[in-house]
Every structure is written in C-alpha cells, then in structure tokens.
Amino acid sequence: MRELREFYIDGQWVKSASAGRHVLIDPSTEEESGAVALGAADDVDAAVSAAASAFTAWASCELGERVAAVKRLRHVYAQRLEDMARAISQEMGAPIELARQRQAPAALRQMDNYLAAIEGFSFERMLGLHAPNDRILMEPIGVVGMITPWNWPMSQIALKVVPALLVGCTMVLKPSEYAPFSSALLAEIIDEANIPAGVFNLVHGDGMTAGTRLVEHPDVAMISFTGSTGAGAEIVRRAADTFKRVGLELGGKGANVIFADADADAVARGVTSCFINSGQNCNAPTRMLVERSVYDEAVEKARQAARSIEVGPSNLAGSQMGPVVSARQYERVQSYIEQGIAEGARLVAGGSGRPAGFNRGFFVQPTVFADVTNDMTIAREEIFGPVLSIMAFDDEDEAVAIANDTPYGLTNYVQSADGARRNRMAKRLQSGMVEMNGQPRAAGSPFGGVGHSGLAREGGVWGLEEFLVVKSISGWDGDARS
Ligand code: NAD
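Quantities reported herein were computed from a predicted structural model and do not represent experimental measurements.

Draft legend 1. Inspection of the overall build of the protein at higher detail. A tally of helices and strands in the protein yields 15 helices and 20 strands. A compact globule built from 482 residues should have a C-alpha radius of gyration of about 23 Å, and the protein, at 23 Å, falls within 12% of that. With the C-alpha coordinates aligned to their principal axes, the bounding extent of the protein is approximately 70 × 60 × 40 Å. The buried share among the 482 residues of the protein stands at 57%. Within the protein, counting contacts between residues at least 6 apart in sequence, those at least 24 apart form 72% of the total. Of the roughly 19300 Å² of accessible surface on the protein, 50% is carried by carbon and sulfur atoms.

In structure tokens form, the structure reads like this:
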C-alpha cells in the first residue's frame, strides 16, 4: 500500500496543505493499493507561483538548453521504463505487457517526435517578401495548467509537458486522481534530469478543488485539458473570466466504415482496436459500419474475434484484456450494455456481468452488438469500455451520413481496397483524424478532434504551436543584433 502525501513544487517535495485523500483500488482485485493526497487551492497557488517565477528565465534561455533538458529527461525516463510500466499497470489496471509495450514507451515516442519537430522550427518568421521589416514572433504563452486523465496517463502527459518544455513554458500538472503513481514517478524523473526548479510542478488532486483552482487562477495563461467532454465544457466556462486559452482533447465515438472490398482482416482488426486497453480509448472505433452485402459475415467475424479475447488480471504476463479502471466505470459500462439490450440491439458476444470465472475485479465481457441503429444510446454516447456496435449501410452516402451523425469527431476509420473511394471518404468524414486500411498515422502527425471531441492539436509542430502566442511586429531591423 503506497501513500503519496507530497507534491513536487519549485524543485522540492512538499506536504499537501489539505487532509483530503483519494483511496486507490486495484482494478483486478478490488483491494486498496494506495492513496493520494488531494491538493487544496493553497497547494495549487504555491505551484502556480513557482511556475510564474521560473517563467522568464526558462522562456528566454537558449533553445539548445531546453532541447538538452528534454534529452536528459528522455534518458532518465528510458532508464525507469519498467518502473513506469508497473506504476501505470497498478494504478489503472492495464495488463503489465500492455503497460510495458505501449503505455510507458508512448512517452518516449512523444519525446522523440517533439525533438524532431523542434529541429528547424522557427520562432522568428518573415511575414513575406513584400514586408521586409515585419516579423512574426512565436512566444511561449506563459504558465500552463495541465489536467489529464487516467487511460493513457503518460502518453497524454508527455503530449503536453514535452512541447511546453521545448517552447519555454512553465507548468503545473494536475493528473487524474485515479492515476497518480505514474506522474509522481515522472516528477522524480524530471528532478533527476535536472530540469530547473519551478519549470515543472506537480499537484495531485481532484477536478472540483485542485482542477478548478488551476482553471480559475489569474496567473495561469492556458489550460491544456484531456478528459471527458462534460468536464471540458465546464472548464471552458470557468476559464472565461480570466480569458485563458483552453486546449481541449475530449471524448469520441469513432466510426469504422468497412466496405465489401476491404481486406480479410479488417473486421478482426476493428474489434482489436475497439477493445485494446479494455475499450478505454478516446479514439476507439466503437461504431462498426459494414456494407450490407458482407454484413452477416462481418458480424460472425466480430463475434469470433470478441470471443477469442481472453480476460485476466493486470499482473499476469500475456496479451489478455484487463479490467476497467474503477467500480464507477464498471457500473457505467454495465448500464450501457443493459441499455443496448433493452433498446433492441442484438447481442452477439459478451453481455452484462463479469466474464465466467470472475467474482471480483472490474472485469467486463468483450461485448458486441449487431443490428444497432444510430439513434440507440450505445451508438450515441461514449461508453469507454469494451463494447462494439455494428450497423449496416447500403452505399457511400449512407455510410457518411451515419458516421457524421454524432456530436463527436475525433478519429474515423475506413477500410476499402479502392483508393479513390478512401480519399473521398477521408474528405467527407467530419473528424480531426481519419485512419485507413489499418495504417497508423505517422510520427509527427497532429492528434485532435472537432465538435464535442475538442479543439486542440497535439503532436508534431502543431503540438508546439499549441503553447505559443503569435506576435506581429512592424519596423523590425533585420540587421540589428538583440
Ligand atoms: P474526466 O473528465 O473525468 O477527468 C479528466 C481530468 O480532469 C482528471 O484529472 C480530473 O480530475 C479532471 N477534472 C474533472 N472535472 C474537472 C473540472 N470540472 N475542472 C477541472 N478538472 C476536472 O475524464 P477521465 O474519466 O479521467 O478520462 C476519460 C475521458 O477522457 C474520456 O471521455 C476520453 O474520451 C477522454 N480522453 C480524450 C483523449 C483525447 O486526446 N481526445 C485522450 C484520452 C482520454
């Protein structure tokens, strides 16, 4: 049982000003695995004050210094990779192999991608040849408050911390109260990497107290938020009074459009990518749209693929699907499965209750519904669990209409051998990202959505620009040295 009582503020570990604590429950065993102090407004104020004091020096140091700092961070992080994988697996229930192969190394990939993006990135730009004395300066926005979820904890934190460090922002991170171990370890890593005091600060806490104080704090210039759509809307409202920039990475309800000419693995691949991380992915392809001529075959393939998924505890080596994060999440997913049945969807795999052989742990059966219509609750709302909805379409227009009939717009997917059709679909689908034929988007591509999926773009040069302010200048002397 591990108790986190301290926050990392101004390069020191300091005791929380509050007596509040959040008890962590191991999702596989339902036993207490630790507790974390829940920061109060005073803790957030101390962290913001440290970040504000560190800002001028960090923003004005040579870019090479900041790049070197991130390289040191990468070096130390790589040495602690196994510790990070264990922390993530313990806190949010990812199977240890998933944590080792995907969850923990994701941050290394973000660091590499941002280090590549900063090479050749121009903080001082000409407006154009017509205006030799104009300059565009890209300047760090200031102190950034970062609020993150538990589902891919280090990936999401690295997507914010690394670009902010590189462009010269200082920051206060408030990670999810359900995933505090990984970020406490990150603070240790940052300390060991000798990032100057005050540049990175960590305060644990919940959304209502620590999160709200960060959002409302007058000295915080920007909130970079990843989490649920409801919390995102609340943050925008609360940030309005201090005119903060708000970056939002929110939920999703992705469509995976499978045409009759798709490759033979398209359905199984769609099931796997819907259920990875126990279905707790913002970009999960949770609505599988299948061309009617291959619909029955696809439903059968999906049934088999779901049934072949083994479910098991997080500490076992292997490729099993683990539990969902918490009792609350378990109940939520169960209620969606029951609603799917009640609203008339055809259950073809899984169902309500734990998988056979489990009487404890937040384990959910890999569940597939066929004959779903897009007005059913399971097709409209983000479930955030291993539940797939399959529906049929007759032609391209209908597929586009169903896919776009959602308030979300994060990632959509297309499977077809016809390149011209893929390109047409990519243009017509309303989402920040479209992935086709199982090809992942490349390193350095931007991640982000439209509509209720948010407003931000993380990754690559777009991720750097999130934390920069454009300053437009006339009368610039291009020959002078400053
Ligand atoms: P959540 O919104 O409950 O919590 C996310 C974070 O926000 C936590 O740190 C929480 O303490 C804090 N928070 C909650 N309410 C707040 C408020 N009113 N003010 C300030 N802070 C607040 O989300 P979650 O359950 O941790 O994560 C799952 C959600 O995150 C899903 O909806 C998922 O789709 C989304 N998500 C989106 C992306 C993306 O990049 N688009 C990535 C991962 C997860």
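Moving on from the model shown.
Draft legend 2. Main features of the side chain of glutamate 435. Counting through the fold element by element, glutamate 435 comes out in strand S19 (residues 433-436). Note on glutamate 435: relative accessible area 16%, which makes it buried. Side-chain polar atoms of glutamate 435 contact the side chain of arginine 441, separated by 3.2 Å.

Draft legend 3. View of the side chain of threonine 170. Its location among the elements puts threonine 170 in strand S9 (residues 170-174). Side-chain polar atoms of threonine 170 contact the backbone oxygen of alanine 51, separated by 2.7 Å. Among residues more than four places away in sequence, those in contact with threonine 170 are Ala51, Ala52, Ala54, Phe55, Trp58, Gly142, Val143, Val144, Gly198 and Val199.

Draft legend 4. Molecular detail of the domain arrangement of the protein. Taken domain by domain, the protein consists of domain 1 (2-250 + 454-473) and domain 2 (255-436). Here domain 1 and domain 2 have C-alpha centroids that lie 31 Å from each other. Listed per partner, the contact involves 25 residues of domain 1 and 29 residues of domain 2. Approximately 2000 Å² of surface area, both sides summed, lies buried where domain 1 meets domain 2, with 55% of it carried by carbon and sulfur atoms. The largest share of the area that domain 1 buries against domain 2 comes from Ser28, Glu30 and Trp150, three residues that together contribute 25% of it. Taken together, the connections running from domain 1 to domain 2 amount to one salt bridge. Between arginine 354 and glutamate 30 there is a salt bridge, and its shortest N-O distance comes to 3.0 Å.

Draft legend 5. Local environment of unusual backbone geometry. Look at serine 278: it is not a glycine, yet its phi comes out positive at around 60°. As for its position among the elements, serine 278 is in the loop between helix H9 (266-275) and strand S14 (287-291). You will see that phenylalanine 384, though not glycine, has its phi angle at about 60°, which is positive. By the secondary structure assignment, phenylalanine 384 is in the loop between helix H12 (377-380) and strand S17 (387-393).

Draft legend 6. View of the sheet that holds S14. As summarised here, the arrangement of the seven strands in space is S15-S16-S17-S14-S13-S18-S19, forming an open sheet in which the pairing is mixed. The open sheet terminates on both sides in strands that have one partner only, identified here as strand S15 (346-349) and S19. Here the average twist between neighbouring strands, direction ignored, is 25°. Bridging between strand S16 (residues 367-370) and S17 involves three bridges; their strand directions are parallel. When the bridges of S17 are listed, phenylalanine 369 appears paired with serine 389. Across the sheet, H9 touches strand S13 (255-258), S14, S16, S17 and strand S18 (411-415), and the angle it forms with S17 is around 145°.

Draft legend 7. Structural context of the packing of aromatic side chains. Applying the stated criterion across every chain, the model contains six aromatic pairs. Ring geometry for phenylalanine 121 against phenylalanine 123: centres 5.1 Å apart, planes inclined by 70°, an arrangement best described as edge-to-face. Ring centres 5.3 Å apart and planes at 75° place the aromatic pair phenylalanine 259 and phenylalanine 393 in the edge-to-face group. On the criterion of sequence distance, the pair formed by phenylalanine 259 in the loop between S13 and H9 and phenylalanine 393 in strand S17 is long-range, its members being 134 residues apart. No difference in accessibility class separates phenylalanine 259 from phenylalanine 393, as the two residues are buried. Grouped by ring-pair contacts, the aromatic residues Tyr8, Trp13 and Phe200 constitute a single cluster. In this structure, arginine 125 is placed above the aromatic ring of phenylalanine 121, and the distance from its NZ or CZ to the ring centre is 5.1 Å.

Parameters and conventions
Residues numbered from 1 in each chain as written. Predicted model: local features only at pLDDT ≥ 70, side-chain atom pairs only at ≥ 80, totals over all residues. Heavy atoms only, no water. Helix = DSSP H or I, 4+ residues; strand = E, 2+ residues; numbered from the N terminus. Rg over C-alpha atoms; globule rule 2.2 N^0.38 Å. Buried < 20%, exposed > 50% of the residue type's maximum accessible area, 1.4 Å probe, protein only. Contact = heavy atoms within 4.5 Å. Areas by Shrake-Rupley, 256 points an atom, 1.4 Å probe, with all protein chains shown as cover. Polar contact = N/O pair within 3.5 Å; in protein donor to acceptor, adjacent residues only side chain to side chain. Domains from an automatic or database assignment. Buried area = accessible area lost by both parts, 1.4 Å probe. Salt bridge = Lys/Arg side-chain N within 4 Å of Asp/Glu carboxyl O. Pairing = 2+ DSSP bridges. Axes fitted to C-alpha atoms, helices over the stretch in contact; angles between N-to-C directions. Phe/Tyr/Trp six-rings, centres within 6.5 Å; stacked < 30°, edge-to-face > 60°. Lys NZ or Arg CZ within 6 Å of the ring centre and 35° of its normal.

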